[in-house]
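This is what each chain is made of:
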Amino acid sequence: MPMEKNFTPAEAEARISKLWLDAKAFAAGANAKPGHPAFSVMIPPPNVTGSLHMGHAFNNTLQDILVRWHRMKGDDTLWQPGTDHAGIATQMVTEREMAKNGEPSRRDMGRDKFLSRVWEQKVKSRGTIIGQLQRLGASADWDREAFTMSGAPGAPAGEDGNFHDAVIKVFVEMYRKGLIYRGKRLVNWDPHFETAISDLEVENTEVAGHMWHFKYRLAGGETYDYIEKDADGNVTLREKRDYISIATTRPETMLGDGAVAVHPSDERYQAIIGKMVHLPLCDRLIPIISDEYPDPTFGSGAVKITGAHDFNDYAVAKRNTLPCYRLMDTRGQMRADGAPYEVAVARAREIAAGSATTEAEVDSLNLVPAKYRGLDRFEARKLVVADINAQGLAVVTKVVTIDPETNAEDWKNVPYVEDKKIMQPFGDRSKVVIEPMLTDQWFVDTAKIVEPALEAVRSGATKIIPESGEKTYYHWLENIEPWCISRQLWWGHQIPVWYDAEGNHYCAPNEAEAQAMAPGKALTRDPDVLDTWFSSGLWPIGTLGWPEPTPELAKYFPTSVLVTGADILFFWVARMMMMQLAVVDQVPFHTVYLHGLVRDAKGKKMSKSLGNVIDPLEIIDEFGADALRFANAAMASLGGVLKLDTQRIAGYRNFGTKLWNACRFAEMNGVWEGHATQATPPAVHATANRWIIGETARALAEVNAALDDFRFDQAADALYKFVWGKVCDWYVEFAKPLFDGEHADETRATMAWVLDQSMILLHPFMPFITEELWGTTGTRAKLLVHTDWPAFANLSDPQADAEMTFITSLIDDIRSARAQLHVPVGLKCDLVATELSPAARAAWERNEALIRRMARVEGFSEGPAPKGSIALAMDGAAFALPLAGLIDIAEEKARLSKALEKLGKEIGGLKGRLDNPNFVKSAPEDVIIEARANLEAREDEAAKVSAAIARLAEIG
């Protein structure tokens, strides 16, 4: 059956994907050869309710390239798929769907019924992203699909497994070893979802804000000399003050201040360190302390310390043993619980005077004055500011006005409020302002398990690529804080801890064992669930059946390589390292390949607000999965910016078309008649055939070396240059005359072999079109996905290489010269050989007809270079290309000079911007990246124009 004129991805991809799935082509161990090593990769599990975005498409393409390559090499390969239960995201999706359907709320429904409803949502949503990954061509063992909540209580039929049991077992064991504890620490609190969240779920966004300046008056009416000096030590301001000035962007948190801090080196405040000040609106005194945290050069240099609502303040409070008073409830409203304000503040004054207390008592004290209790935090802010202003405690500034009629000058003092940009933390899903909040949570004592994870990378047991990732890894782990692992959600692994009426807790795998630890006592289970990162931290062993001693665990663990984004190096990668080493005393993977964020063509971060989000499914619909995959590989430079350009994707679609057309050309010339897969190349005599066989071996070596080093971009570049440049362009042209001569049979055999090898080498990158070609171009023993990866050695032929290098270089030089000087495409040129070595002469004579046709050469002669010629120098030969009569030299010089002048101005402007420290410091990263890319492009273009002008100078 003849090949179709075109490859149609929309039709072929679904059919080929079904072919693979029906054949169980991706099963663990498929195509494994005896004695070959295991190669295993764990998919970074996407959210079960998620859908494919460009980060997924990029990440999974790289994994699939490695997996398909190792599978074809005969390694015992497992690509483990699965999804994450994604606590907060899945609960949000479910509640949104429930509201849309008019269903009862989560709280009205109750926990058990709500969890059943979430399982329904999980089953409904699960297939979305799995199907989308299959559209991309991901060759994971889908029959082994894992889920981080499999086997959990209440899981429906089909969701059995032991991942939940493994998670609970690890929590209990780590608790009993003293590695997990309950404590009160500051966390990111989402008032919408009413739960702690991780740093990764916080988006810090620059917004318009205000800085209010207030006076905290010294107790007892004390005063001090306030002196400001300039850089040379000259006094610029001296006045007697009875207050210290502070600035804040969150006035409502003043109600919980524990101190005012100044830097120990700040001479302005030395006399009042240790003094007490009145906390505005609150009828209590707080101390002025010295601490390294305040910046003496910023604002007044004095900082209010609210330990329960700011991460920096919390650290200061801990260093200075300050009480941390929590002001807000779980909804971000000012607290309305506890004793009346008068009772609470009286106790706070006793604590400030030295009365013994506990952390629990301090947290129970509601120091929000009655007027503000129950208000939303932002409403409370307005009232606090108004009340401070009314008491005359705002720092004021003089505002002068001119009466337009009398021209008289008037002035008044107004509260000093700065309008300024501030970084505001928002929940990435709730979109509400995140509140740092002091709450009771469960923590992993990471300091006790971090050292083995550090040593694993230091020793090389696990290698992080690129190397810069190791520095980040060390920095994070060497400065690690306790890890908050509890979340105030219902969907997730419920913490296996039970409490009695006195508040004692009992940690056990199940309620029966907990009850056995507290006989006769009524127990209540902790309502919190575990952070998603805790369960996904066990992904490598949990997916392989641990704690059962499964054959898969013995064979595929530790895994070979993890491909993931650099943004979750700490949140997931480092935690997997710590968890696996703590649980099974082995590293989870030998190599970690980190990649950056996929950006748009200009290097800008993709965002809906900018309108530059690229949907991978739309790309697949328009260009096909192969084109997207090859683009992903081509841009995967180590440590580089990942810029995805749809024009580039279109170019790679054309690349696939180029290979398709080469195979059709082969078909029209009888290449595929009776063809069957051949592992070794045919014996050949024609120079072009000897050369292309050597080039094929060279391409194989380059691809192997690149993939060994995780240089996907270099492998893609080598394949592009080989398949398009060497095979589809040069070799197809060289083969045309050979099909009509004495070497016709060997040329057909060679072309069949070379195109086979092209399909094989390209398959990990472009699996759909290559599998389609494989099935339509000959008799095949098995699918391309299982075809053996080539293993031939060096097949180069030095004599053939030299001759073909001569031919291709000469044609390229002539084409380049013509293009640079705008010689019309339809015109043919003459060529004069000014020097020819015997080898060059023989190469010319054997290939003259081909050179003439491909370089558009008409007359050929030997002798001195005619006037108005361009010199072409080669190894063992020299030629002249007479162009004087073909172009208007003066006009061409003028055109090129004008173009060079324009480029010079553009280059100067771009260099001026990039050499300006203020621009580099203040401009957004994507603007700087774009400017550098533009400068590089202009400089490259200028070099080419300069070379063309130099060529014109040769003509005269």
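Structure: above.
Residues numbered from 1 in each chain as written. Predicted model: local features only at pLDDT ≥ 70, side-chain atom pairs only at ≥ 80, totals over all residues. Heavy atoms only, no water.

A. Spotlight on a nonpolar patch on the surface. Taken together, the side chains of Val400, Ile402 and Trp411 make up a nonpolar region of the molecular surface, amounting to roughly 290 Å² of accessible area. Relative to the elements of secondary structure, Val400 occurs in strand E15 (residues 396–402). (Patch = residues over 30% accessible without salt bridge, like charges linked within 9 Å, V, L, I, M, F, W, Y side chains within 5 Å. Areas by Shrake-Rupley, 256 points an atom, 1.4 Å probe, with all protein chains shown as cover. Salt bridge = Lys/Arg side-chain N within 4 Å of Asp/Glu carboxyl O. Helix = DSSP H or I, 4+ residues; strand = E, 2+ residues; numbered from the N terminus.)

B. Focus on the environment of Gly656. Take Gly656: it is sitting in helix H20 (residues 646–668). The exposure class assigned to Gly656 is buried, which follows from its relative accessible area of 5%. (Buried < 20%, exposed > 50% of the residue type's maximum accessible area, 1.4 Å probe, protein only.)

C. Seen up close, the packing of aromatic side chains. Inspection of every chain in the model, using the stated rule, returns 34 aromatic pairs. For the pair Phe163 and Trp539, a centre-to-centre distance of 5.9 Å together with 45° between the ring planes defines the contact as tilted. Taken together, the residues span a long stretch of sequence, with Phe163 in helix H6 (residues 163–176) and Trp539 in helix H15 (residues 539–542) at a distance of 376 residues. Residue classification places Phe163 among the buried residues on the basis of a relative accessible area of 2%. On the basis of relative accessible area, Trp539 is assigned to the buried category, the value being 0%. When the ring of Trp730 is compared with that of Phe734, the centres are 5.8 Å apart and the planes differ by 15°; the resulting orientation is stacked. Residue Trp730 and its partner Phe734 are located together in helix H22 (residues 712–738), separated by four residues, close to a single helical turn. Given the relative accessible area of 10%, Trp730 is considered buried. Ring pairs connect the aromatic residues Phe630, Tyr652, Phe655, Tyr720, Trp724 and Phe765, which therefore count as one cluster. Taking NZ or CZ as reference, Arg780 lies 3.8 Å from the ring centre of Trp774, over its face. (Phe/Tyr/Trp six-rings, centres within 6.5 Å; stacked < 30°, edge-to-face > 60°. Lys NZ or Arg CZ within 6 Å of the ring centre and 35° of its normal.)

D. Seen up close, the packing of helix H12 (residues 468–478) against helix H17 (residues 569–584). Following both chains from N to C, one finds H12 and H17 inclined at 80°, their axes separated by 11 Å at the closest point. Between H12 and H17, the angle falls in the class roughly perpendicular. Of H17, the residues touching H12 (which contributes Gly469, Thr472, Tyr473, Trp476 and Leu477) are Leu569, Phe570, Ala574 and Met577. (Axes fitted to C-alpha atoms, helices over the stretch in contact; angles between N-to-C directions. Parallel < 35°, antiparallel > 145°, perpendicular 65-115°, else oblique. Contact = heavy atoms within 4.5 Å.)

E. A look at the environment of Ile760. Here Ile760 lies in helix H23 (residues 744–762). On the basis of relative accessibility, which here comes to 3%, the residue Ile760 falls in the buried class. Remark: the alpha-carbon pair of Ile760 and Ile422, spanning 338 residues in sequence, is separated by 54 Å. Residues in contact with Ile760, not counting those within four places in the same chain, are Met72, Trp774, Leu784, Thr787, Asp788, Trp789 and Pro790.

F. Layout of the nonpolar core. In terms of nonpolar packing, the biggest core is built from 217 residues, with Phe171, Tyr473, Phe534, Phe712, Leu755 and Phe879 touching the most fellow members. Top element by residues in this core is H22. It accounts for 15 residues. Not counting residues within four places of it along the chain, the set of residues in contact with Phe879 comprises Phe806, Leu810, Leu831, Val832, Ala833, Thr834, Leu836, Phe860, Ile870, Ala871, Leu872 and Met874. (Core = buried A, V, L, I, M, F, W, Y, C linked by side-chain atoms within 4.5 Å.)

G. Broad picture of helix H21 (residues 687–708). In a regular helix each residue adds 1.5 Å, so 22 residues correspond to 32 Å; H21 covers 32 Å between its end C-alpha atoms and thus fits that length. Taken from the residues just after H21, Phe710 is the one with a positive phi, measuring 60°. (Expected span 1.5 Å × (residues − 1).)

H. Summary view of the pattern of salt bridges. Following the criterion strictly, the structure yields 65 salt bridges and no others. A salt bridge links Lys169 to Glu173; its shortest N-O distance comes to 2.8 Å. Note that Lys169 and Glu173 are positioned in helix H6 at a spacing of four residues, about one turn of the helix. For the salt bridge of Lys240 with Asp225, the shortest nitrogen-to-oxygen distance reads 3.1 Å. Linking Lys240 in strand E9 (residues 235–241) with Asp225 in strand E8 (residues 224–229), this pair joins segments that are 15 residues apart in sequence. Linked by salt bridges that have partners in common, Lys184, Arg326, Asp363 and Asp440 make up one network.

I. Quick look at the sheet that holds strand E31 (residues 857–862). The strand order E31-E30-E33-E32 describes an open sheet built from four strands, whose pairing is mixed. Edge strands, defined here as strands with exactly one partner in the open sheet, are E31 and strand E32 (869–874). Neighbour to neighbour, the strand axes of the sheet diverge by 25° on average, direction disregarded. Pairing of strand E30 (residues 829–836) with strand E33 (residues 877–882) involves four bridges; the strand directions are antiparallel. The residue bridging Leu836 from the neighbouring strand is Ala877, located in E33. Running at roughly 160° to E31, helix H26 (residues 838–855) makes contact with E30, E31 and E33 of the sheet. (Pairing = 2+ DSSP bridges.)

J. A look at helix H5 (residues 111–136). The terminal C-alpha atoms of H5 lie 37 Å apart, and with 26 residues this matches the ideal 38 Å at 1.5 Å per residue to within 8%. Maximum bend of H5: about 30°, positioned at Lys124. Once H5 finishes, Gly137 follows within two positions and takes phi at roughly 100°, a positive value. (Bend = angle between axes of the 7 residues up to and from the residue.)

What is shown is where atoms sit, not what they do.
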